[in-house]
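Structural characterization, general
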Amino acid sequence: MGRVTVNITPLALYLLALALYGFLMALSCIRHHQHSTHHTHTDGPTARVKRSGTGWLREVGDFYRRVRSTETTCHKLVSFGGTACKRTEDNNKYVCLDADVAPTPKNCTVYSFGIGDDATFDDQMTYYGCEVYMFDPSINQDKVISTNIGHQHFYHLGLDISVYNTTFNIKEDDGRNDTVVGDFTTYAKIRSLLHHQHTPVQYMKLDIEGAEWRVLPDLAAGGHLADVKQIAIEVHTMAIITAPQHKILDLLLFYWTRLELLSRLGFRRAVFQPTVVQESMYRLQEWWRGPVAEGEIHALQPAPG
C-alpha cells in the first residue's frame with residue numbers, strides 16, 4: 001500500500017487557525033450575552049428635544065445625521081477581523097487600501113487601544129504585514145488569543161490624558177468574579193516607553209469607552225496624529241440617554257467640537273459603522289427606536305495635493 005503524503009501550506013494553516021479563532025470568539029460572544037444585563041430606557045429622552053437659534057444642531061437627529069455623513073470615498077475598503085454575533089458582525093475594523101493611505105506591508109505600525117475579548121482585527125493586521133501594538137488595562141494578557149504572536153505586542157495599559165490606575169471587575173470563563181488593576185498613561189509616555197518617538201503610526205484604533213472625548217484634544221494638540229493615515233474611533237455618546245433633556249444638545253455639541261479636531265488636521269470621514277446593541281439605542285418619539293448612540297468613525301488623512 002503506497003504512502004499518502006499531505007502537504008499543508010502556510011495559507012491553509014492560517015485559514016484553519018482563523019476558523020478555530022472564529023469558533024472560540026463565537027463562544028465568547030455567547031457567554032458575554034448570557035452574562036450581560038440589558039437596560040431598556042423606557043423613560044429616556046426623545047428626539048423632540050430642540051433648541052432655539054439658527055445653528056445646524058437643532059435636534060438630536062441633526063448630530064447623528066452629520067456623524068454618519070461621509071467626506072471622502074475609499075475605493076478599496078476591506079474589513080479586517082470581527083466575530084459573528086447574533087447575526088451581526090462585531091469588532092471588525094475597516095482598512096482602506098487605496099494607494100495614498102494604505103499601510104505598507106512589512107513596514108507599517110498599528111496602535112490598537114481597547115482589545116476586550118476579541119483580537120481578530122489585531123491578528124489579521126499582522127498577517128497583512130504590520131507590527132501591532134495592543135493596549136488594554138482591563139484584561140489579562142493570557143485572555144488575548146493570538147495566532148501571530150511574534151508581531152503582536154500587548155501592553156497592560158490604557159490611554160488617557162493623565163497617569164493613574166483603577167480596578168476593573170471581570171467575570172472569568174468559569175463564572176468566578178475577579179479584579180484587574182489597570183494602569184493608564186498618556187500617548188506621549190506610551191511613545192517614549194516603546195521608543196517610538198520617530199516611528200510613524202499608519203493606523204490607529206481607539207475603542208476606549210468614552211475617554212476618546214478627552215484623548216482627541218490631547219492627540220491633536222501634541223501633533224501626535226501627523227503621520228497617521230487612518231484612524232478608527234469608537235464614539236460613545238450614550239450619556240445622552242440619561243442626561244437631562246435641557247442638556248442633551250449641549251452635550252452633543254461638545255462631542256462634535258472634539259470630532260471637528262480631526263477635520264482640522266486633514267482627516268476625512270469615510271465610513272460610519274453603528275454599534276447596534278440595546279444599551280446604545282436612543283429612543284425616538286416617532287419610531288420604535290432611535291439613532292444609535294455608539295458607533296465607529298473611520299477617517300482617512302490623505303497626502304495633501
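Being a predicted model, the structure only gives us computed values, none of them experimental.

1. Considering the side chain of Asn-148
Within the element layout of this structure, Asn-148 appears in the loop between β6 (130-135) and β7 (152-155). Not counting the four nearest positions on each side in its chain, Asn-148 is found in contact with Asp-123, Thr-126 and Tyr-127.

2. Some words on the confidence of the model for the protein chain
Per-residue confidence for the protein chain averages 82 on the pLDDT scale, and 75% of its residues sit at or above 70. Throughout residues 28-48 the model reports pLDDT below 50, and contacts reaching past four residues in sequence, or to other chains, amount to 37 contacts.

3. Examining the packing of helix α5 (residues 212-221) against helix α6 (residues 248-265)
Helix-helix packing is characterised by the crossing angle of the two axes and by the distance between the axes. The interhelical angle for the contact between α5 and α6, taken along N-to-C directions, is 30°, at an axis separation of 10 Å. Taken together, the axis directions place α5 and α6 in an arrangement best described as roughly parallel. In this structure, α5 meets α6 at a crossing whose hand is left-handed. Within the contact between the two elements, α5 uses Trp-213, Leu-216, Pro-217 and Ala-220 and α6 uses Phe-254, Tyr-255, Arg-258, Leu-259, Leu-261, Leu-262 and Leu-265. Its residues placed into classes, the contact of α5 with α6 shows ten nonpolar, no polar and one charged.

4. Brief notes about the state of the cysteines
Considering all chains together, one arrives at two disulfides under this definition. One disulfide bridge connects Cys-74 with Cys-96, the sulfur atoms lying 2.2 Å from each other. Because the torsion about its S-S bond is 100°, the bridge between Cys-74 and Cys-96 counts as right-handed. Separated by 22 residues along the polypeptide, Cys-74 in the loop between α2 (60-68) and β1 (77-80) and Cys-96 in strand β4 (residues 93-96) bring together distant segments of the chain. Each of the two residues, Cys-74 as well as Cys-96, counts as buried. Two residues share a disulfide in this structure: Cys-108 and Cys-130, whose sulfurs sit 1.8 Å from each other. For the disulfide bridge between Cys-108 and Cys-130, the dihedral angle about the S-S bond is near -105°, and by the sign convention the bridge is left-handed. Here Cys-108, found in strand β5 (residues 108-113), pairs with Cys-130, found in strand β6; they are 22 residues apart in sequence, far enough to count as distant. The exposure classification of Cys-108 matches that of Cys-130, with both residues buried.

5. Some words on the packing of aromatic side chains
The tally for this structure, following the rule as stated, stands at 17 aromatic pairs. For the pair Phe-63 and Tyr-64, a centre-to-centre distance of 5.0 Å together with 90° between the ring planes defines the contact as edge-to-face. Judged by its relative accessible area of 4%, Tyr-64 is buried. Look at Phe-113 and Phe-135: their rings are 4.6 Å apart centre to centre, the planes differ by 20°, and that puts the pair in the stacked class. Pair noted here: Phe-113 is in strand β5 and Phe-135 is in strand β6, with a separation of 22 residues, a long-range link. Members of the aromatic cluster, connected to one another through ring pairs, are Trp-56, Phe-63, Tyr-64, Trp-213, Phe-254, Tyr-255 and Trp-256.

6. As for the sheet that holds β7
If you walk across this open sheet you meet the seven strands as β7-β6-β5-β11-β12-β14-β13, and the pairing is mixed. Edge positions in the sheet fall to β7 and β13 (268-274), since each has one partner strand and no second. Going across the sheet, the axis of each strand differs from the next one's by a mean of 15°, ignoring polarity. In this structure, strand β11 (residues 203-206) lies alongside strand β12 (residues 230-236), joined through four bridges in parallel fashion. Among the inter-strand pairings, Lys-205 is bridged to a residue of β12, identified as Ala-232.

Procedures and definitions
Residues numbered from 1 in each chain as written. Predicted model: local features only at pLDDT ≥ 70, side-chain atom pairs only at ≥ 80, totals over all residues. Heavy atoms only, no water. Helix = DSSP H or I, 4+ residues; strand = E, 2+ residues; numbered from the N terminus. Contact = heavy atoms within 4.5 Å. pLDDT = per-residue confidence, 0-100. Axes fitted to C-alpha atoms, helices over the stretch in contact; angles between N-to-C directions. Parallel < 35°, antiparallel > 145°, perpendicular 65-115°, else oblique. Left-handed = near helix turned anticlockwise from the far one by under 90°. Nonpolar A, V, L, I, M, F, W, Y, C, P; charged D, E, K, R; others polar. Disulfide = S-S within 2.5 Å. Buried < 20%, exposed > 50% of the residue type's maximum accessible area, 1.4 Å probe, protein only. Phe/Tyr/Trp six-rings, centres within 6.5 Å; stacked < 30°, edge-to-face > 60°. Pairing = 2+ DSSP bridges.

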